[in-house]
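# Examination of the molecular architecture
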Amino acid sequence: MDITIFHNTRCGTSRTTLDTIRAAGVEPRVVDYLAQPPSRDELKDLIARAGLSVRDAVRSKEALFAELGLDDPAATDDALLDAMVAHPILINRPFVVTPKGVRLCRPADLVREIL
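Described below are features of the structure shown in this document. (Residues numbered from 1 in each chain as written. Predicted model: local features only at pLDDT ≥ 70, side-chain atom pairs only at ≥ 80, totals over all residues. Heavy atoms only, no water.)

### Some remarks on the overall build of the chain
Applicable threshold: Helix and strand labels come from DSSP, where a helix needs a run of H or I of at least four residues and a strand needs a run of E of at least two; each type is numbered from the N terminus. Per-residue accessibility, obtained with a 1.4 Å probe over protein chains only, is compared with the maximum for each type, and a residue is labelled buried under 20%, exposed over 50%, and partly exposed between these values. Contacts: residue pairs with any heavy atoms within 4.5 Å of one another. Accessible areas in this description were obtained via Shrake-Rupley with a 1.4 Å probe; residue shielding takes into account the shown protein chains only. Only four residue types enter the charge count: Lys and Arg as positive, Asp and Glu as negative, with His and the chain ends excluded. Where a charge lies is defined by one atom per residue type, namely NZ (Lys), CZ (Arg), CG (Asp) and CD (Glu).
Looking only at helices and strands, the chain has four helices and four strands in total. Secondary structure elements of the chain, listed N to C terminal, follow the sequence β-α-β-α-α-α-β-β. Across its three principal directions, the C-alpha atoms of the chain cover 45 × 25 × 25 Å. Taken over 115 residues, the chain has a buried fraction of 43%. If you take every contact in the chain between residues at least 6 apart in sequence, the share linking residues at least 24 apart comes to 63%. In the form shown here, the chain has an accessible surface area of approximately 6000 Å², with 48% of it arising from carbon and sulfur atoms. Here the chain contributes 15 positively and 17 negatively charged side chains, and the mean placements of these two sets differ by 6 Å.

### Some thoughts on the nonpolar core
Counted only if it meets this: Take the buried residues of types Ala, Val, Leu, Ile, Met, Phe, Trp, Tyr and Cys, join any two whose side-chain atoms come within 4.5 Å, and each joined set is a nonpolar core.
Phe6, Ile47, Met84, Leu90 and Phe95 are the most contacted members of the largest nonpolar core, which totals 22 residues. Mapped by element, the contributors of at least two residues to this core are helix H2 (40-49), helix H4 (77-86), strand S3 (95-98) and strand S4 (101-104). If one sorts the elements of this core by residue count, H4 sits on top with four residues. With near-sequence residues (within four places) excluded, Ile47 lies in contact with Leu52, Ser53, Val54, Ala57, Leu81, Met84 and Phe95. Counting nine residues, the second-largest nonpolar core is a separate cluster that includes Ile5, Ile21, Val96 and Cys105.

### Brief notes about the side chain of Thr98
Inclusion rule: By the criterion applied in these results, polar contacts are pairs of N or O atoms within 3.5 Å in which, for protein atoms, one can donate a hydrogen and the other can accept it, and in which residues neighboring in sequence qualify only through two side-chain atoms.
With respect to the helices, strands and loops of the structure, Thr98 is situated in strand S3. A polar atom in the side chain of Thr98 sits 2.7 Å from the backbone oxygen of Ile114.

### What about the sheet that holds strand S1 (residues 4-7)?
We count it as follows: One bridge is not enough; two strands pair if DSSP finds at least two bridges between them. Every angle, taken between N-to-C directions, lies between 0 and 180 degrees, and every axis is a line fitted to C-alpha atoms, over only the stretch in contact when it is a helix.
Here we have four strands laid out as an open sheet, ordered S2-S1-S3-S4, and mixed in their pairing. At either margin of the open sheet sits one strand with a lone partner, and together these are strand S2 (29-32) and S4. Each strand axis lies, on average, 15° off the axis of its neighbour in the sheet, ignoring direction. By the bridge criterion, four bridges tie S1 to S2 in an arrangement that is parallel. Looking at S2, one finds that Phe6 is bridged to Val31. Strand contacts of helix H1 (residues 12-23): S1, S2 and S3, with the helix running at about 160° to S1, the strand carrying the most contacts. Here H2 sits on the sheet and contacts S1, S3 and S4; the angle it forms with S3, its principal contact strand, is near 80°.

As structure tokens, then:
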């Protein structure tokens, strides 16, 4: 099975998700999205395929979120996407892509739906 995880090694949820994938007998393609962020189009596609809004996919708990004024309810999807591409730390994680679909695996157990 071809699986990709957009991973942050510092994130416990991301590490747990990766461990769950490996426990299922699959070695995924691991993308350190902080070092190799998805393009704007790829990010937009991941969010749409996961059935999320752009606001659902942004890490609102990051200090940078408020510093950039993205906590303003009037901030548009385009503004949020632009910020996530410019500052990948604002991308919520981990996104997992399998032939069965895309999930933002928060909580980590959501990955089981697409394994």
